[in-house]
Amino acid sequence: MLLNKKVILLMTVLFLFQLSCHSQNKDIKFVDFITETSGKVDFGKTDVSAYTPEIRENMKKLYEDKFGMFVHWGPYAQLEGMWKGEKVSAEWIMKRGPISIQDYEREAAGKFKPEKFNANDWIDIAENAGMKFIVLTAKHHDGFAMYKSAHSYNLVDFAGYGRDIYKELSVACAKRGMNLGFYYSQSQDWHEKGGVGNDWDFEGVLKPQKDFDAYFKDKVAVQIKELSQNYGDIFMVWFDTPIQMDDDKCQLLMDIVKENQPGALVNSRLGNGFGHFDVSIDNGKTPSVSTATWLPDLKVPWQTHESVTVGGWGYTKFGGDIDRSASYSDFIYSFCRIVGNGGVYLLNVAPRPDGTIPQSQANSLRAIGEWLEVNGEAIYGADPSPLKFPPYAITSKPGKIYLHLQDLVQTQIELNGILSKVQKAYCLADKSQQSLRFKQEKDILNISVPEELHQPKVTVVVLEIEDEVAKVIDETLQQEEDGSIKMPVSKCEFAIRRISYDYEKQVTHRWGENVKQGLIWTVNVNQSGTFKVISEDSGDNDFVYMLMTGQDILVLNAKGYIGKLTKREQKGRVFLEKGIHQIIVYPKVPTSKETKHSYKFKGLELIPVK
């Protein structure tokens with residue numbers, strides 16, 4: 001998304017203001033590692049020249065493959081989510097306990113010996129799910145290395161386990177053609193004095209710069225070099241929670257990876273805008289197709305991730321063995337929507353302390369694999385929906401559009417917005433490709449899908465069209481006949497990926513927590529004039545955000561009923577001339593602690609003032 005200079009300048013000012021507030025507060029007690037990031041931008045700082053032939057080859061592979069296995073596994077699995085007889089957390093248990101380093105070493109790392117780990121069993125599960133790559137946590141926030149490291153706090157040496165499971169996995173993946181990547185927590189390390197996060201053994205969540213620098217030099221840089229040198233071809237490096245990272249540190253890690261693994265794809269959670277591809281908030285969803293990260297000659301997808309476990313990403317006795325069969329349809333449809341909006345999907349599993357992946361988790365993955373065996377054509381190598389704001393999951397390929405219909409009950413489906421002539425419609429699961437009856441009038445398409453052709457979970461209807469690339473209607477928001485301009489969140493684009501969206505309620509999720517979280521609408525004004533602003537949200541007495549039209553900047557607030565979607569008129573007016581406009585809102589003062597995570601924003605309406 002290209003933003004004008006005025007907007008970029010304002011974003012910079014807002015960011016510097018927020019940064020100065022942080023620097024003045026030396027007693028920060030809480031950092032939100034989900035929505036807070038370092039740097040002025042979240043993605044896009046890496047130069048185009050970094051997309052070398054090796055990177056381009058793997059990026060094309062990522063775009064083609066769409067689907068990978070995420071594995072959160074470490075000493076935290078040994079505790080199974082329990083501490084002192086109480087349910088606490090999964091991979092965050094050391095922090096949320098909190099558990100001292102001494103106790104964690106004794107009860108978790110010191111007892112962690114996964115004797116039943118079998119790399120080929122993991123690969124079997126991934127292959128049966130239709131997954132094409134695996135990303136394993138080489139070091140999570142607890143600071144424990146899941147491989148043979150020069151740092152003594154590692155799986156091979158610390159408890160005398162003696163096996164390098166990452167080496168075993170890398171060898172097995174190479175033999176079976178499964179791409180392999182590693183996750184690495186570069187900022188948070190609760191085992192080290194200079195690592196971000198541990199304020200129960202050491203002082204402060206954020207660390208004195210000299211301590212963080214020493215930790216980064218002596219541990220992070222060394223371990224990234226180890227991982228990128230000693231484990232064969234690495235497909236992807238997945239960094240996380242970029243706090244206290246600066247440009248020099250980010251560039252150094254990019255350089256280490258490039259030197260040892262020229263084709264390894266680095267994600268944007270490295271920090272400060274660096275990386276080859278962008279990553280969403282956890283379980284991130286978006287109301288629109290996003291191809292803003294594409295290069296002119298390379299499709300660069302964004303990536304999101306969720307887990308088949310409940311209550312965390314690592315194994316717990318209360319969330320790691322749950323039967324998720326009721327959610328199989330949701331997993332598959334979520335996958336369809338991600339691909340339809342231009343993304344790729346990492347689905348997480350959490351092995352037990354002994355190294356085995358619970359059968360319930362394997363069953364969830366296999367359900368997706370069974371669906372892909374029938375419908376993979378609509379996913380692998382597919383392009384996003386030709387409609388920027390699709391009404392449901394839609395993917396495409398040259399000359400074809402795929403409609404993904406979850407738990408289909410009705411026999412009539414409708415699609416508005418496609419102008420290309422439809423030549424044939426059929427169900428992808430129907431090997432005979434029996435033609436479906438359909439009626440097309442201008443951009444309105446109605447299709448009859450007999451019940452006997454409905455598929456379990458998600459039915460895919462294929463439209464064969466006369467154009468290689470589908471022609472669609474202009475989706476620019478149009479001014480209403482009464483002069484009003486409706487700007488629902490369902491018709492906006494996100495400026496960064498660290499926001500999410502609720503498809504059912506059509507509201508934001510985790511918006512208002514980061515000054516870079518822009519919401520962007522493109523509108524066509526055919527009657528110039530002055531407008532009052534009506535907002536609709538769930539209320540927050542502290543939250544302040546800015547509305548920018550290119551000509552006017554208006555400060556808005558969310559004061560009002562807390563917890564209930566309510567419309568309210570804002571103070572001030574904006575003037576819009578006739579023509580196409582980008583209208584953007586950015587947080588200025590973040591949401592309060594009372595409503596953090598629960599604040600919802602549904603949109604704005606501009607009403608002409610006579």
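The model shown is predicted, which means the values in this text are computed figures rather than measured ones.

### Digging into helix α9 (residues 247–260)
So, point 1. Compared with the 20 Å implied by 1.5 Å per residue over 14 residues, the 20 Å span of α9 between its first and last C-alpha is a close match.
So, point 2. For α9, every residue scored as buried is listed here: Lys249, Cys250, Leu253, Met254, Ile256 and Val257. End-on, the buried residues of α9 take up no more than an arc of 160°, which puts them together on one face. Among the exposed residues of α9, those oriented more than 90 degrees off its buried face are Asp248 and Glu259.
So, point 3. Against α8 (209–229), β6 (236–239) and β7 (265–266) lie the buried residues of α9.
So, point 4. Residue Asp246 occupies the N-cap position of α9, its side-chain oxygen lying 3.2 Å from the main-chain nitrogen of Asp248.

### Considering the environment of Asp32
So, point 1. Among the structural elements, Asp32 can be located in the loop between α1 (5–24) and α2 (53–65).
So, point 2. With a relative accessible area of 3%, Asp32 lands in the buried category.
So, point 3. Distance from Asp32 to Glu513, taken between C-alpha atoms, is 8.8 Å for residues 481 residues apart in sequence.
So, point 4. Every residue in contact with Asp32, bar those within four places of it in the chain, is listed here: Arg510, Glu513, Lys596 and His597.

### Description of the pairing of strand β28 (residues 601–608)
So, point 1. One ladder, built from four bridges, connects strand β18 (residues 485–488) with β28; its direction is antiparallel. By the bridge assignment for β28, Lys486 is matched with Glu605.
So, point 2. Relative to β28, strand β23 (residues 529–537) runs antiparallel, the two being bridged by seven bridges. Its bridge partner being in β28, Phe531 is matched across the sheet by Pro608.

### Description of the pattern of salt bridges
In a structure, side chains of opposite charge can pair up when their charged atoms sit close to one another.
So, point 1. Inspection of the entire model under this criterion finds 32 salt bridges.
So, point 2. We note a salt bridge from Lys249 to Asp213, for which the minimum N-O separation is 2.7 Å. Of this pair, Lys249 sits in helix α9 while Asp213 sits in helix α8, and the two are 36 residues apart along the sequence.
So, point 3. Of the residues examined, Lys249 reaches a relative accessible area of 9% and is grouped as buried.
So, point 4. Across the salt bridge formed by Asp383 and Lys299, the nearest N and O atoms sit 2.8 Å from each other. Taken together, the residues span a long stretch of sequence, with Asp383 in the loop between α11 (359–375) and β10 (394–397) and Lys299 in the loop between β7 and β8 (302–307) at a distance of 84 residues.
So, point 5. Of the residues examined, Asp383 reaches a relative accessible area of 17% and is grouped as buried.
So, point 6. Lys299 sits in the partly exposed class, given a relative accessible area of 33%.
So, point 7. One network of salt bridges, with partners in common, ties together Asp103, Arg106, Glu107 and Lys111.

### Some points on the side chain of Thr459
So, point 1. With respect to the secondary-structure elements, Thr459 resides in strand β16 (residues 458–465).
So, point 2. Taking relative accessible area as the criterion, Thr459 reaches 0% and is therefore assigned buried.
So, point 3. One polar contact links the side chain of Thr459 to the main-chain amide nitrogen of Gln455, over a distance of 2.8 Å.
So, point 4. Once residues lying within four places of it in the same chain are set aside, the contact partners of Thr459 are Leu403, His404, Leu405, Leu408, Cys427, Leu453 and His454.

### Notes on the sheet that holds strand β14 (residues 438–441)
Pairing between sheet strands relies on hydrogen bonds along the backbone, with the strands arranged either parallel or antiparallel.
So, point 1. In space, the three strands of this open sheet follow the order β12-β15-β14, with antiparallel pairing throughout. In this open sheet, the two edge strands, each paired with only one partner strand, are β12 (412–416) and β14. Across the sheet, the mean angle separating the axes of adjacent strands is 10° when strand polarity is ignored.
So, point 2. Two elements, β14 and strand β15 (residues 444–448), share four bridges in a ladder whose sense is antiparallel. Across the sheet, the residue bridging to Glu441 is Ile444, located in β15.

### Points about the confidence of the model for the chain
So, point 1. With 95% of its residues at a pLDDT of at least 70, the chain reaches an overall mean of 94.
So, point 2. Long-range and interchain partners of residues 1–27, a stretch whose pLDDT sits below 50, account for 34 contacts in this model, where long-range means more than four residues apart.

### A short note on the sheet that holds β23
So, point 1. One open sheet holds the four strands; their spatial order is β18-β28-β23-β26, and the pairing between them is antiparallel. Each end of this open sheet is capped by a strand with a single partner; those strands are β18 and β26 (566–576). Direction aside, the axes of adjacent strands within the sheet are offset by 20° on average.

### Some remarks on α2
So, point 1. When the terminal C-alpha atoms of α2 are compared, their 18 Å separation across 13 residues agrees well with the 18 Å that a helix rising 1.5 Å per residue should span.
So, point 2. Residues Ile55, Arg56, Asn58, Met59, Leu62, Tyr63 and Asp65 constitute the buried set of α2.
So, point 3. Where α2 is buried, its residues contact β1 (67–71), β4 (133–139), β5 (179–184), β6, β7 and β9 (343–349).
So, point 4. Lys66 sits one or two residues past α2 and shows a positive phi near 70°.

### A word on the packing of aromatic side chains
So, point 1. One pass over the structure, following the stated rule, counts 30 aromatic pairs.
So, point 2. Judged by centre distance (5.6 Å) and plane angle (10°), the rings of Phe67 and Tyr345 are stacked. Of this pair, Phe67 sits in strand β1 while Tyr345 sits in strand β9, and the two are 278 residues apart along the sequence. There is no split in this pair, since Phe67 and Tyr345 are both buried.
So, point 3. When the centroid spacing of 5.8 Å and the interplanar angle of 25° are considered together, the rings of Trp73 and Phe117 count as stacked. Separated by 44 residues along the polypeptide, Trp73 in the loop between β1 and α3 (76–79) and Phe117 in the loop between α5 (101–107) and α6 (119–128) bring together distant segments of the chain.
So, point 4. Take Phe117: its relative accessible area is 4%, and that puts it in the buried class.
So, point 5. Through a chain of ring-to-ring contacts, three or more aromatic side chains come together here, namely Trp511, Phe543, Tyr545, Tyr599 and Phe601.
So, point 6. When the ring centre of Phe216 is taken as origin, the NZ or CZ atom of Lys249, which lies over that ring, is 5.7 Å away.

### Focus on empty space enclosed by the protein
So, point 1. Throughout the structure, instances matching the rule amount to four cavities of 30 Å³ or more.
So, point 2. There is about 90 Å³ of room inside the largest cavity.
So, point 3. Lining the largest cavity are 13 residues, with Thr37, Asp42, Ser268, Asp278 and Arg498 positioned closest to its centre.

About the thresholds
- Here the residue numbering is sequential within each chain, running from 1 through the sequence in written order.
- Only residues with pLDDT of 70 or above have their local features reported here, since the model is predicted, and side-chain atom pairs are shown and tallied only from 80 upward, although totals for entire chains, interfaces and linings are computed over all residues.
- As a convention, hydrogens and water are excluded, and side-chain values are obtained from all of the structure's heavy atoms.
- We count a stretch as a helix when DSSP gives it H or I for four or more residues in a row; a strand needs E for two or more, and each element gets its number in order from the N terminus.
- A helix is expected to span 1.5 Å for every residue after the first.
- For the exposure calls, accessible area comes from a 1.4 Å probe over protein chains only, and a residue counts as buried if that area is under 20% of its type's maximum, exposed if over 50%, partly exposed in between.
- Directions are taken from the helix axis to each C-beta atom, and the arc is the one they span.
- Contacts are assigned to residue pairs that have any heavy atoms within 4.5 Å of one another.
- What qualifies as a polar contact is a pair of N or O atoms within 3.5 Å, subject to a donor-acceptor requirement within protein and to the restriction that residues adjacent in sequence count only when both atoms come from side chains.
- Paired strands are those between which DSSP finds at least two bridges.
- By definition here, a salt bridge exists when the distance from a side-chain nitrogen of Lys or Arg to a carboxyl oxygen of Asp or Glu is within 4 Å.
- A fitted line through C-alpha atoms serves as each axis, taken over the contacting stretch for helices, and the angle formed by two N-to-C directions is quoted from 0 to 180°.
- Each residue gets a pLDDT score, which is the predictor's confidence in that residue and runs from 0 to 100.
- Any two rings among Phe, Tyr and Trp, with Trp reduced to its six-membered ring, count as a pair given centres within 6.5 Å; such a pair is stacked if its planes are under 30 degrees apart, edge-to-face if over 60, and tilted if neither.
- For a Lys NZ or an Arg CZ to count as sitting over a ring, it must be within 6 Å of the ring centre and within 35 degrees of the ring normal.
- Space inside and on the surface of the protein is sampled on a 1 Å grid over the protein atoms alone, with a cavity defined as a set of points where a 1.4 Å probe fits but cannot get out and a pocket as an open set with protein on both sides within 12 Å along at least 5 of 7 lines; lining residues have an atom within 4 Å of a point.
- Grid points are joined across faces, edges and corners, and a volume is the space filled by probe spheres set on the points.

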